[in-house]
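# A look at the structure
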Amino acid sequence: MTDTVCVIIGASHAGVNCAFALRKEGWQGQIILYDADPELPYHRPPLSKTYLTNTEGAQKNLLKSEESYERSEIQLNLGIEVTSIDSGERKIALSDGKVQAYDKLILATGARPLIPPITGLDNAKNIFPLRTMADVEGIRKALGESPKKNVVIIGGGYIGLEIAASLNKLGATVTVLEREERILARVTVSEMSEFFHSLHQKKGVDILTKKNVTAVETNTGHTIICDDGSAYFADIIIIGVGIRVNTEIAEKAGLVTENGIKVDAMAKTSNEDIYAIGDCTFHHNPHYDRFVRLESVQNAVDQAKVAAAAICGKEVIYDSIPWFWSDQYDVKLQIVGLSEGHDNSIIRKEEKEQPCFSIWYFSGDRLLSVDAINSAKAFVLGTKFIKTGQLINKSNLADTSVELKPAHLMI
Amino acid sequence: MAKITFITSDHQTIELEGDSGSVMELAVEHNVNGIDGDCGGVCSCATCHVHVRPEDMEKTGAASEIETDMLELDDNADAYSRLSCQIVISDAIDGVILTVAK
């Protein structure tokens, strides 16, 4: 062990994977992880899905066992917030009053839930975002204590819809209030929005669109008031309207930030000794030739590995194709690529008992992205075609009598 | 209780015992090199790929449809490939030997 120190701020998917990747790449010095969350680092995606519905999941949900950190000599400092960075002196200040010096610093600060400026939201009880294990415990406890189990979810994005499906399974009466004209408006086309809308309605979740919540009044429960004059009653309110990126300490340290902390292809910030990875970064994606900020496990893990390799002196660039997933009821949505900027799309609907279809997004003839519902085949094929840039035979793609196979799609 | 043996790509042989959960979870808990389980075990990432010995296929069973499709992401997948998050630990798989995919 040498006396060089690599400090990582944030111990979620990006930070933890980076710590282990540093060891794998041969980093000989100390590795010190900090996170304000007191829990042993855990998987976040299951929080709104299986972890919410299954009470025995805590141990299974860990990113790594406690022993793994010890074995890899990774120091975990949990429940401690990093309050500032002194990039000149190369040290950080901590919430417990201490100071830690670093040789290399990695920012894996992630994001926090956005709490919208709704009157009455601030001091009311039983209002939760969902980002941490503590949020899930809070929701579970509130649900257990609520005789009526009336839940209103503000926001019809993926997180809101996943929570709706999970709470529906737990016996709650769930209403989703979405401000836009359709759910998932920001992230997908109307066909996909309609599919999820009707899926939830069939399961008994009430989805209401064009509902702009302006106030919450709290007496024995909550009354949620919208700007069209409508009002809804709930014992529990869940907020799922998006996130704010945690860039504050980076900004104060003078790092370049735009829509996130700006990094180069090796995940390095504007400071030679500071890297940034995961949800908090604004980085260039070579496949789409533009800067993006992504909220995903894939981005967190892959960027973590690139930063670790770069810090250990390897020539690497971050050029992953983004992918995402969402599980709601027995429906699996898998997304590969970024659909933004598409000018045409093809929907392929397989004839099966279960819903099984995929939406292929193109810019001209170039495939940008695929949304696959219960169709891992479409997800995998989409991944391969985006990777190679190979053009696709669109008429075969649209024709479900032609089997979905690489050979059938090639031109 | 089932004994499960992992052979990693750096030729380590790791013998573990488990009685519940998935093979991926057992491997991650014990830091088996090459099994990442990035998605947490929901068959979404294909980072827990193992090759089952042909004679053990009866014990583990074959991959499901979605699993087979996801395995296509890996050019090294073959007829004995499984995603270890989809193999449930029970007495039925006692003694299996799994080679972690490269």
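Turning our eyes to something else, we now look at the overall build of chain A. When its secondary structure is counted, chain A shows 11 helices and 27 strands. Over its C-alpha trace chain A gives a radius of gyration of 23 Å, about what one expects of a compact globule, namely 22 Å for 411 residues. Considering only C-alpha atoms, chain A reaches an extent of 65 × 60 × 35 Å along its principal axes. Going through the 411 residues of chain A one by one, you find that 55% of them count as buried. Taking contacts inside chain A between residues at least 6 apart in sequence as the whole, the part at least 24 apart equals 60%. Total accessible area on chain A stands at roughly 17900 Å², and carbon and sulfur atoms take up 47% of it. A distance of 3 Å separates the average location of the 44 positive side-chain charges in chain A from that of its 53 negative side-chain charges.

The next point concerns the confidence of the model for chain B. In this model, chain B carries a mean pLDDT of 95, and residues with pLDDT of at least 70 account for 100%. In the predicted complex, the global pTM is 0.95; the interface-specific ipTM is 0.94.

Right, let's talk about the nonpolar core for a bit. Membership of the largest hydrophobic core comes to 97 residues, with the highest contact counts inside it found for Leu167, Phe196 and Trp360 of chain A together with Ile4, Phe6 and Ile35 of chain B. Per-element accounting of this core gives the leading share, seven residues, to helix 9 (residues 376-388) of chain A. Of all hydrophobic cores here, the second largest spans 27 residues; its members include Ile8, Phe20, Ala21 and Ala300 of chain A.

Residue and element names in this part refer to chain A. Applying the stated rule across the entire model yields 25 salt bridges over all chains. The shortest N-O distance in the salt bridge between Glu25 and Lys314 comes to 2.4 Å. With Glu25 in the loop between helix 1 (13-24) and strand 2 (30-35) and Lys314 in the loop between helix 8 (297-311) and strand 23 (323-328), the pair connects residues that are 289 residues apart, well separated along the chain. Among the residues examined, Lys314 registers a relative accessible area of 40% and is labelled partly exposed. The network of salt bridges with common partners includes Arg90, Lys104 and Asp273.

Residues and elements named next belong to chain A. Pairing in this open sheet of five strands is parallel, and the strands run 9-16-10-11-12 from one edge to the other. Both outer strands of the open sheet, strand 9 (127-128) and strand 12 (206-208), are each paired with one neighbouring strand and no more. Pairing analysis gives five bridges linking strand 10 (residues 150-154) to strand 11 (residues 173-177), with the strands arranged parallel. Its bridge partner lying in strand 11, Ile153 is registered against Val176.

All names here are of chain A. Looking at where Ser87 falls in the secondary structure, it is placed in the loop between strand 4 (82-86) and strand 5 (91-94). Given the relative accessible area of 22%, Ser87 is considered partly exposed. When the C-alpha atoms of Ser87 and Lys252 are compared, they prove to be 10.0 Å apart, with 165 residues separating the residues in sequence. Apart from the residues within four sequence positions on either side, Ser87 is in contact with Tyr102, Ala253, Asn271 and Ile274.

This next bit is on the packing of helix 5 (residues 158-169) of chain A against helix 6 (residues 190-203) of chain A. Residue and element names in this part refer to chain A. It is at 11 Å that the axes of helix 5 and helix 6 come closest, and there the two elements cross at 15°. By the angle between their axes, helix 5 is roughly parallel relative to helix 6. Remark: the crossing between helix 5 and helix 6 carries left-handed chirality. For the pair helix 5 and helix 6, the contacting residues are Leu161, Ala164, Ala165 and Asn168 in the first and Phe196, His200 and Lys203 in the second. Looking at the contact of helix 5 with helix 6, its residues break down into four nonpolar, two polar and one charged.

Quick look at the interface of chain A and chain B now. On the side of chain B, 22 residues touch chain A, which itself brings 27 residues to the contact. Interface area for chain A against chain B, summed over the two sides, is near 1900 Å², with a carbon-plus-sulfur share of 51%. Counting every contact that joins chain A to chain B gives three salt bridges. The partner of Glu65 of chain B in a salt bridge is Lys352 of chain A, with the nearest N and O atoms 3.0 Å apart. Taken together, the links from chain A to chain B amount to six residue pairs in polar contact (both at pLDDT 80 or more). Secondary structure elements with two or more residues in the side of chain A that touches chain B: helix 1, helix 3 (66-71), helix 8, strand 23, strand 24 (331-337) and helix 9 of chain A. Looking at the side of chain A that touches chain B element by element, the count peaks at six residues for helix 9 of chain A. Of the residues in the side of chain A that touches chain B, the class split is nine nonpolar, eight polar and 10 charged.

Another aspect to go through is the environment of Pro45 of chain A. Residue and element names in this part refer to chain A. Mapped onto the elements of the fold, Pro45 is located in the loop between strand 2 and helix 2 (50-53). C-alpha of Pro45 to C-alpha of Asp327: the two residues are 282 residues apart in sequence and 9.5 Å apart in space. When sequence neighbours within four positions are dropped, the list of residues in contact with Pro45 reads His13, Val297 and Trp325.

All names here are of chain A. Taking 1.5 Å of rise per residue, the 14 residues of helix 6 would be expected to cover 20 Å, and the 20 Å separating its terminal C-alpha atoms lies within 8% of that figure. Those residues of helix 6 not exposed but buried are Met192, Ser193, Phe195, Phe196, Leu199 and His200. The arc that holds every buried residue of helix 6, seen down its axis, measures 160°, which confines them to one face. Counted as exposed and oriented over 90 degrees from the buried face of helix 6: Glu194 and Lys202. Tucked into the core, helix 6 has its buried residues touching helix 5, strand 12, strand 23, strand 24, strand 26 (357-363) and strand 27 (366-373). Positive phi appears at Gly204, one or two residues downstream of helix 6, with a value of about 100°.

The rules behind these values
Residues numbered from 1 in each chain as written. Chains lettered and ligands numbered in written order. Predicted model: local features only at pLDDT ≥ 70, side-chain atom pairs only at ≥ 80, totals over all residues. Heavy atoms only, no water. Helix = DSSP H or I, 4+ residues; strand = E, 2+ residues; numbered from the N terminus. Rg over C-alpha atoms; globule rule 2.2 N^0.38 Å. Buried < 20%, exposed > 50% of the residue type's maximum accessible area, 1.4 Å probe, protein only. Contact = heavy atoms within 4.5 Å. Areas by Shrake-Rupley, 256 points an atom, 1.4 Å probe, with all protein chains shown as cover. Lys, Arg positive; Asp, Glu negative; His and termini not counted. Charge placed at Lys NZ, Arg CZ, Asp CG, Glu CD. pLDDT = per-residue confidence, 0-100. Core = buried A, V, L, I, M, F, W, Y, C linked by side-chain atoms within 4.5 Å. Salt bridge = Lys/Arg side-chain N within 4 Å of Asp/Glu carboxyl O. Pairing = 2+ DSSP bridges. Axes fitted to C-alpha atoms, helices over the stretch in contact; angles between N-to-C directions. Parallel < 35°, antiparallel > 145°, perpendicular 65-115°, else oblique. Left-handed = near helix turned anticlockwise from the far one by under 90°. Nonpolar A, V, L, I, M, F, W, Y, C, P; charged D, E, K, R; others polar. Buried area = accessible area lost by both parts, 1.4 Å probe. Polar contact = N/O pair within 3.5 Å; in protein donor to acceptor, adjacent residues only side chain to side chain. Expected span 1.5 Å × (residues − 1). Arc of directions from axis to C-beta.

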